[in-house]
Amino acid sequence: MALRRPSFLPSLDELEQQAQDRSAQTAGKGSQFDHPTAKYLFWVMLVVTVVAHVVAGIVFLVMGH
């Protein structure tokens, strides 16, 4: 007995068309990121890293190391 694909899932043709549409879109000029989420994640991690280093530096200064 063959399993049928549920009706709420897109067909392979639809998925392929969506992938082609996404690959046809280009990032903004001068942008290094193809995906907006990657850009936001990069900035969040950069800010977290800088803040962590500043806080650690203050802690070490207070402790006298």
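Nothing here was measured: the structure is a model prediction, and the numbers come from that model.

One pass over the full model with this rule turns up one aromatic pair. Measuring from centroid to centroid gives 5.5 Å for Phe42 and Trp43, while their planes differ by 75°, and the two rings are edge-to-face.

Moving on, we get to a nonpolar patch on the surface. On the surface, Phe42, Trp43, Leu46, Val50, Val54, Ile58 and Val62 cluster together to form a nonpolar patch covering roughly 680 Å² of accessible area. Along the chain, Val54 turns up in helix H2 (residues 36–63). Exposure remark for Val54: the relative accessible area of 47% places this residue in the partly exposed category.

What follows is about the environment of Arg22. Within the fold, Arg22 resides in helix H1 (residues 12–24). Spatially, the C-alpha atom of Arg22 lies 10.0 Å from that of Asp34, the residues being twelve residues apart in sequence.

With that out of the way, let us pick up H2. Look at H2: 41 Å from first C-alpha to last across 28 residues, which is about the 40 Å you get at 1.5 Å a residue. One or two steps after H2, the chain reaches Gly64, where phi turns positive at roughly 85°.

What counts, and where the lines are drawn
Throughout this description, residue numbers start from 1 for each chain and increase along the sequence as written. Totals for whole chains, interfaces and linings use all residues, but because this is a predicted model, local features are given only for residues with pLDDT of at least 70 and pairs of side-chain atoms are given and counted only at 80 or more. In computing side-chain values, all of the structure's heavy atoms are included and hydrogens and water are not. Side-chain rings of Phe, Tyr and Trp, where Trp is taken by its six-membered ring, are said to pair if the distance between their centres is within 6.5 Å; with planes under 30 degrees apart they count as stacked, over 60 as edge-to-face, and otherwise as tilted. Only residues above 30% relative accessible area that lack a salt bridge enter a patch, with like-charged residues linked at up to 9 Å and the nonpolar side chains Val, Leu, Ile, Met, Phe, Trp and Tyr linked at up to 5 Å. Throughout, the Shrake-Rupley method with a 1.4 Å probe supplies accessible areas, and for residues the shown protein chains are the sole cover considered. Definition used for salt bridges: Asp or Glu carboxyl oxygen within 4 Å of a side-chain nitrogen of Lys or Arg. Counting from the N terminus, the helices are the DSSP runs of H or I reaching at least four residues and the strands are the DSSP runs of E reaching at least two. Exposure classes here rest on a 1.4 Å probe applied to the protein chains alone. A residue is buried below 20% of its type maximum, exposed above 50%, and partly exposed in between. Expected span, for any helix, means 1.5 Å times one less than how many residues it has.

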